[in-house]
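Next come the chains, spelled out residue by residue.
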Amino acid sequence: MELLRKIMKDKFAKSAFIVLCFLYLVILFADFIAPYSNYYANREMAYAPPSRVYTIDENGHFSRPYTYNYIRKFEPALMQTVFEEDRSQKYYIKPFARGEKYKFLGLIPTSRHLFGVNNGGEIHLLGTDINGRDVFSRLLFGGRISMTVGFLSLLIVFPIGLLYGGLSGYFGGIVDTLMMRFAEATMAIPSFYLLIILAAILPSGMTSVQRFSLIIVILALIGWAGFARVVRGMVLSIKKEEFVLAEKTLGASNLRIILKHILPQTTSYVIIAMTLSVPSYILAESGLSFLGLGIQQPDASWGNMLKEAQEFTNILYRPWLLTPGVLIFLAVLSFNLLGDFIRDYLDPKGRTRG
Amino acid sequence: MEFAKYIFKRILQTIPLLIIVSLISFFIIRLSPVDPLAELRLNPSISQETLNKEIKRLNLDKPIYIQYFSWAKSFVKGDLGYTSAGEKVSVKLKERIPNTLLLTLVVIFMTWAVGVPLGILSAIKKETAFDRMLTILASIGMAIPSFFFAILMLMFAVKTGWFPVGGLTSYDFNDLGFGAKIIDIAKHLCLPALVLFTISLSGLQRQMRANMLEVLDSDYVKFARAKGLSEWKVVFKHALRNAVNPMITLLGFEFAGLLSGAALTEYVFQYPGLGRLILEAVMKSDINLVMASLMMGTIMLILGNLIADILLMITDPRLRRGGE
């Protein structure tokens, strides 16, 4: 793993790589790390601010970390709901506390969570949302969707793009012209407009798994054309090389030549395109969910969590609702930095640029 | 003459493109089981007469390919039908398209005015602290989601009260004098433009830097330097012109990106543009409006690319001579 060693030597690429590894580890173990499940809701505690964690008690002594519950009060003078800490009861934060039941990695049933508080206590590291759901837990579960949607879309985009671009470039002539016109036409539609229309025609009443899969397909429908066009350009130049002619004289079929001899030549471009295009899928999904057309409540995604944040009162008084945006930013930034580095490494001459 | 012929050829080329796009969008939208006139039927202020006219215009009782042709025919004639609220689609579009164009053009102008000089500077000062700082800033700019940044700006506007929030004009707009009207619009434009500017600036600056570096490395620049020309002359007289050319092609792409990015930004700022229009139309499944604004968006995009191509012809003499 020459590439990995190089990444570890570069300051930016290394931090990006570590951030991404961390994010993926965290979402993999989301059930365990999150103190609450994705659907846990305490309506009494809507918009509670983040729990404060104390390590020094009221006498000034060090203590095990503990937190207080919030009491919701209506302040008539301010015409607002305010939250006050209930100082009468301390809740110690316990490692490996018992909580809701879940299946660890989807296999082992357990109820242990990384941390939690005793019965009756609540801990919301990043506050709660309008339904009293724990923002921190939902961030982790939302990450599962937001961070995987890009890769899953690419699994559809790459075979289509490679085959489409490969056929178009290899055969050339009228086939090429027709295929490319079609690809250009799909690129000529402003992508975000197409995206929201496709998302809007999805029938309502689908299960969340169905919806998630269809969103992946839709994102792929937007992305394949640009990729196919670049592949075609590369195939155009590769097919003139001698080894292709050699295969032809040996009597290999066209499909065999394309699949076994021409397309493998584009591998480094594919890897580069992959790392560089993941961020755009993450952004597209979150944008879609932000508008309410992507992943639907009660499922979490970073985009639909941010939807709430745009209301004026939330902007002013509940800044913790903005945390999903910070995570999107971090993920996209890391993918960009890593993608740039991999491109410079695999393709120092910049053949695949533009 | 060559030039005019080329432009003519390019314009002709866009026609099949538009036909394919219209086919794709028409069939995508018809894939949904929604009755295109459902909303219109439910609206009590719409007369049966208007409804019948719409059914006749779209040939809704005929097979789908005939529906496509009748839709296309009336689109070319400029008859876009009615929105579900009963307004004419064409009126609605006329109101929104200039707003989106205004926003996009302001942003393109700003990004070019700032991005190109910054790109040149960081290419000249390659690998210095200044260049590194710009690289970091550019990475940040590229990674921040437009709607998240828009929300942050909204937060800023609400907290400071320096900028009006929402819309393009204040409520007392019609009572203002001419100068005050312009200032009012400019104030409303500030934040959405700033969001889109920040997001598209990074890409442009990176691209300009890469082009400039490539050109500065070429033989004719080395020759110009060997001739003893001042660095200033080498950069601005010899290198710059060649480095800018690829950027013009990028202009078309930038326009496309802005149209898409603007939809989310318009949504957050409640800016009355095409992006928000199509979004509202989609939410209300207002088929006439969706179809028309999708086509208008596409036409704007194709026109943007066309203009970029023509500009490139003007700036690059090689293209003019070759004709290709």
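Keep in mind the model is a prediction, meaning the values are calculated, not measured. (Residues numbered from 1 in each chain as written. Chains lettered and ligands numbered in written order. Predicted model: local features only at pLDDT ≥ 70, side-chain atom pairs only at ≥ 80, totals over all residues.)

Quick word on the overall build of chain A
Stage number 1. Secondary structure assignment for chain A yields 13 helices and 7 strands.
Stage number 2. Residue pairs at least 24 apart in sequence account for 68% of intrachain contacts in chain A once pairs closer than 6 positions are excluded. (Helix = DSSP H or I, 4+ residues; strand = E, 2+ residues; numbered from the N terminus. Contact = placed C-beta atoms within 7 Å.)

Some points on the interface of chain B and chain A
Stage number 1. Between chain B and chain A, the contact holds 39 residues from the first and 35 residues from the second.
Stage number 2. Counting residues per element, the ones that place at least two in the side of chain B that touches chain A are helix 1 (2-31), helix 6 (129-143), helix 7 (146-160), helix 10 (231-269), helix 11 (274-283) and helix 12 (287-315) of chain B.
Stage number 3. For the side of chain B that touches chain A, the element with the most residues is helix 1 of chain B, which contributes 9 residues.
Stage number 4. When the residues that make up the side of chain B that touches chain A are grouped by side-chain class, the tally is 32 nonpolar, 7 polar and no charged. (Nonpolar A, V, L, I, M, F, W, Y, C, P; charged D, E, K, R; others polar.)

Digging into the environment of Leu288(A)
Residues and elements named next belong to chain A.
Stage number 1. As for its placement among the helices and strands, leucine 288 is situated in helix 10 (residues 267-290).
Stage number 2. In the structure, leucine 288 is positioned 73 residues away from isoleucine 215 in sequence and 9.2 Å away in space, judged by C-alpha atoms.
Stage number 3. Setting aside chain neighbours within four positions, we find leucine 288 in contact with Leu195, Ile196, Ala199, Ile215, Leu293, Gly294 and Gly303.

Some thoughts on helix 4 (residues 135-171) of chain A
All names here are of chain A.
Stage number 1. In a regular helix each residue adds 1.5 Å, so 37 residues correspond to 54 Å; helix 4 covers 53 Å between its end C-alpha atoms and thus fits that length.
Stage number 2. Of all the bends in helix 4, the largest measures some 35 degrees and sits at valine 149.
Stage number 3. In terms of burial, helix 4 is largely enclosed, as 26 of its 37 residues are buried.
Stage number 4. Two residues or fewer after helix 4 comes glycine 172, characterised by a positive phi angle close to 65 degrees. (Expected span 1.5 Å × (residues − 1). Bend = angle between axes of the 7 residues up to and from the residue. Buried ≥ 20, exposed ≤ 12 C-beta atoms within 10 Å, placed from the backbone.)

Structural notes on the pairing of strand 6 (residues 108-112) of chain A
Residue and element names in this part refer to chain A.
Stage number 1. The element strand 6 is barely covered by neighbouring structure, given that only 0 of its 5 residues are classed as buried.
Stage number 2. Sheet topology note: the strand 5 (residues 98-104)/strand 6 ladder contains 4 bridges and is antiparallel. Bridge pairing in strand 6 places tyrosine 102 opposite threonine 110. (Pairing = 2+ DSSP bridges.)

Comments concerning the packing of helix 10 of chain B against helix 11 of chain B
Each pair of packed helices can be summarised by the angle the axes make with each other and by the distance between the axes.
All names here are of chain B.
Stage number 1. Their axes nearest at 7 Å, the elements helix 10 and helix 11 cross at an angle of 80 degrees. Between helix 10 and helix 11, the interaxial angle falls into the category roughly perpendicular. Packed against helix 10, whose contacting residues are Ala262, Ala263, Glu266 and Tyr267, the element helix 11 presents Gly275, Arg276, Ile278 and Leu279 at the interface.
Stage number 2. Residues belonging to the contact of helix 10 with helix 11 are distributed by class as follows: 5 nonpolar, 1 polar and 2 charged. (Axes fitted to C-alpha atoms, helices over the stretch in contact; angles between N-to-C directions. Parallel < 35°, antiparallel > 145°, perpendicular 65-115°, else oblique.)

With respect to the confidence of the model for chain B
Stage number 1. Looking at chain B as a whole, its pLDDT mean stands at 81, while 96% of the residues score no less than 70.
Stage number 2. Helix 13 (residues 317-322) of chain B is the least confidently modelled element of chain B, averaging 65 in pLDDT, while helix 5 (residues 89-124) of chain B averages 88, the highest of any element. (pLDDT = per-residue confidence, 0-100.)

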